[in-house]
Amino acid sequence: MFLPNQHPDYRQPLDPVDAETLGVKAAEEVERYLACRDNPVPTPLLTLPALASELGVGAVHIKDESLRLGLGSFKALGGSYAVIRLVLEEAGRQLGRPVDIADLHTPAVRAIAASLTVACATDGNHGRSVAQGAQLIGARAAIFVHAGVSAERVAAIARFGAQLIRVEGTYDDSVAEASRVAAEKGWTVVSDTSWPGYERIPGLVMQGYTAMVREALRQLPAPPTHVFVQAGVGGVAAAVAGYLALVLGDRRPAFIVVEPARAACLLETARVGHPVKIAPGAPTVMAMLECYEPSRVAWRVLSRVADAFMTVDEEDAVAVMNRLARPGGSDPAIVAGESGGVGLAGLVRAAADPEIRVALDLDAMSRVFVINTEGATDLERYADLVGVRPETVTTGATFHARGAWA
Ligand SMILES: Cc1ncc(COP(=O)(O)O)c(C=O)c1O
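Given the structure is predicted, the values throughout are model-derived calculations rather than measurements. Per chain, residue numbering runs from 1 following the sequence as it is written. The model is predicted, so local features are restricted to residues of pLDDT at least 70 and side-chain atom pairs to those at 80 or more, both for listing and for counting; the totals for chains, interfaces and linings are taken over all residues. Values shown for side chains rest on all heavy atoms present in the structure; no hydrogens or waters enter the calculation.

**Let's talk about the site of the ligand**
With respect to spatial proximity, 14 residues lie near the ligand, and among them Asn-125, Gly-232, Gly-234, Gly-235 and Thr-373 are the closest. The side chain of Thr-373 places a nitrogen or oxygen atom 2.8 Å from a nitrogen atom of the ligand. The protein chains shown are the only cover counted for residues, whose accessible areas, like all others here, come from Shrake-Rupley with a 1.4 Å probe. When the ligand is considered free in solution it has 380 Å² of accessible area, and contact with the protein chains removes 98% of it. Residues are grouped as follows: Ala, Val, Leu, Ile, Met, Phe, Trp, Tyr, Cys and Pro are nonpolar; Asp, Glu, Lys and Arg are charged; all remaining types, including Gly, are polar. Tallied by class, residues from the shell around the ligand come to six nonpolar, six polar and two charged. Residues are counted as near a molecule or strand when any one of their heavy atoms sits within 4 Å of it. We define a polar contact as two N or O atoms separated by no more than 3.5 Å, with the added condition that, inside protein, one atom must be a possible hydrogen donor and the other a possible acceptor, whereas residues neighbouring each other in sequence contribute only through side-chain atom pairs.

Right, dumping it as structure tokens:
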């Protein structure tokens, strides 16, 4: 399914609140926070010439987020950043003076942090980020996980000292339960999705993702002509599209939002013209994208700056994981988790369809940017789907425990 954006707001400037959230000044601040982290190494941008030639495009560039801050996904940039900012803000209120990231480890800040609990629902990656942020600053974290979150992903969150709470039902049920319990207990919900009346904190989470786009623009030889980004609730797609629209203006690339056909809440929202909740169906292998209702803030951005919405099927996601593990020609191998290569799967589908190629002006001159949003965040699942353990995939770069690429 492929749907060009026909919303009345399409090509309108961003809402001023979103322009501030995703703008250059905010992104610089994110980078300043990031520089104070233990492992602030930029993730690599890799180029896939063999794949580009197969697909009939000029270049395919892929930002590999699989080793971001030691968490395995770009999500490491959002939740932890929002947690740290919120705790520092609260510390500033309680201490009656401005508190900055440089004060992260001061006893006064840590004493206040220890009295605070942050909560969120997660498919896995966002919860890991929130838990890591809480651990870094010394706050408590309560993470709500639905029935479909694998034991391995739950264990990875628990390693950051978070309290894990299992919830019956889907991701959306866990979002509702996290809000209910947090309101009862006075915890702060740090959600990656937004709803009416709850926008600032998910905005901060999205703001955290802008660091990835800034890095990519420094690494790319020229700005891309096309960007395909996968979506769950739409937060990362909106952060990337919004930031690019703000910094590149009329030179911004065509932006395509890619979802699993089984959980295409943004495509459905684009079809009807306003945010809708779709009925849950069969689970998708693209576990992190299994969301049935878009984030309101993300939709407000995407309705203006996304050029098209499309879906991919289960086998497309698995084929891309395999292709990246065993690439053709001189392309480097990349470990992509089930949701990691879905933007690229969108490009593969689009490139094979003559009508979509024309609709998007996709041709031999196109410079396409995609993001491997996660590595093998569930090792067993990866081995099942790719037939090899992720550590046996020889990637172009070696990541050392101390956080340097070689
Ligand atoms: C690996 C990965 N890719 C993509 C996404 C989609 O992000 P969003 O829900 O902001 O659309 C997620 C969300 O958890 C994710 O973990």
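Past the structure itself, the notes keep going.
**Concerning the packing of aromatic side chains**
Whether two aromatic rings pair depends on their centres lying within 6.5 Å, for rings of Phe, Tyr and Trp, where Trp uses its six-membered ring; planes under 30 degrees apart make the pair stacked, over 60 edge-to-face, and the rest tilted. Applying the stated rule across the entire model yields four aromatic pairs. Centre to centre, the rings of Phe-74 and Tyr-209 are 4.8 Å apart; their planes meet at 70°, and the pair counts as edge-to-face. Note that Phe-74 is positioned in the loop between β3 (59-64) and α4 (79-95) and Tyr-209 in helix α9 (residues 200-219), a separation of 135 residues in sequence. Only protein chains enter the calculation, and the probe is 1.4 Å; a residue is then buried if its accessible area is under 20% of its type maximum, exposed if over 50%, and partly exposed in between. The buried category is assigned to Phe-74, whose relative accessible area is 6%. With relative accessibility at 1%, the residue Tyr-209 sits in the buried group. On the numbers, 6.0 Å between centres and 45° between planes, the contact of Trp-299 with Phe-309 is tilted. Counting from the N terminus, the helices are DSSP H or I runs at least four residues long and the strands are E runs at least two residues long.

**Concerning the sheet that holds strand β8 (residues 226-230)**
Only strands joined by at least two bridges in the DSSP assignment are considered to pair. The strand order across the open sheet built from seven strands is β1-β10-β9-β8-β11-β3-β2, with neighbouring strands paired in mixed fashion. Each edge of the open sheet carries a strand with a single partner, namely β1 (2-4) and β2 (45-47). The average angle at which neighbouring strand axes cross in this sheet is 25°, direction not considered. Sheet topology places β1 next to strand β10 (residues 308-312); three bridges connect them, and they run antiparallel. Looking across to β10, one finds that Leu-3 is bridged to Phe-309. To define axes, lines are fitted to C-alpha atoms, for helices over the stretch in contact only, and angles between the resulting N-to-C directions are given on a 0 to 180 degree scale.

**Some points on helix α2 (residues 24-35)**
The span you would expect from a helix comes to 1.5 Å times its residue count less one. Taking 1.5 Å per residue as the helical rise, α2 with its 12 residues ought to reach 16 Å, and the 16 Å between its terminal C-alpha atoms agrees with that figure. If you check which residues of α2 are buried, you get Ala-26, Ala-27, Val-30, Tyr-33 and Leu-34. Take α2 and look down its axis: the buried residues cluster within an arc of 110°, on one side only. Summarising the geometry of α2, the exposed residues directed more than 90 degrees from the buried face are Lys-25 and Ala-35. Where α2 is buried, its residues contact α1 (16-21), α4, α9 and α10 (235-248). The directions considered for the arc are those from the helix axis to the C-beta atoms. Contacts are assigned to residue pairs that have any heavy atoms within 4.5 Å of one another.

**A few points about the packing of α2 against α4**
Contact pair α2 / α4: the axes reach a minimum separation of 11 Å and the direction vectors enclose 90°. With respect to α4, the axis of α2 lies roughly perpendicular. Of the residues in α4, those in contact with Glu-29, Val-30 and Tyr-33 of α2 are Tyr-81, Ile-84, Arg-85 and Leu-88. Residues belonging to the contact of α2 with α4 are distributed by class as follows: five nonpolar, no polar and two charged. Any angle that falls under 35 degrees is termed roughly parallel, while one over 145 is termed roughly antiparallel, one within 65 to 115 roughly perpendicular, and all others oblique.

**A few points about the sheet that holds strand β6 (residues 163-167)**
Sheet architecture is open: four strands sit in the order β6-β5-β4-β7, paired in parallel fashion. Strands at the two margins of the open sheet, each flanked by one partner only, are β6 and β7 (188-189). Here strand β4 (residues 117-122) pairs with β7 via two bridges, running parallel. Looking at β7, one finds that Val-118 is bridged to Thr-188. Against the sheet, helix α6 (residues 125-137) makes contact with β4 and β5 (140-146), and its axis sits at roughly 165° relative to β4, the strand it touches most.

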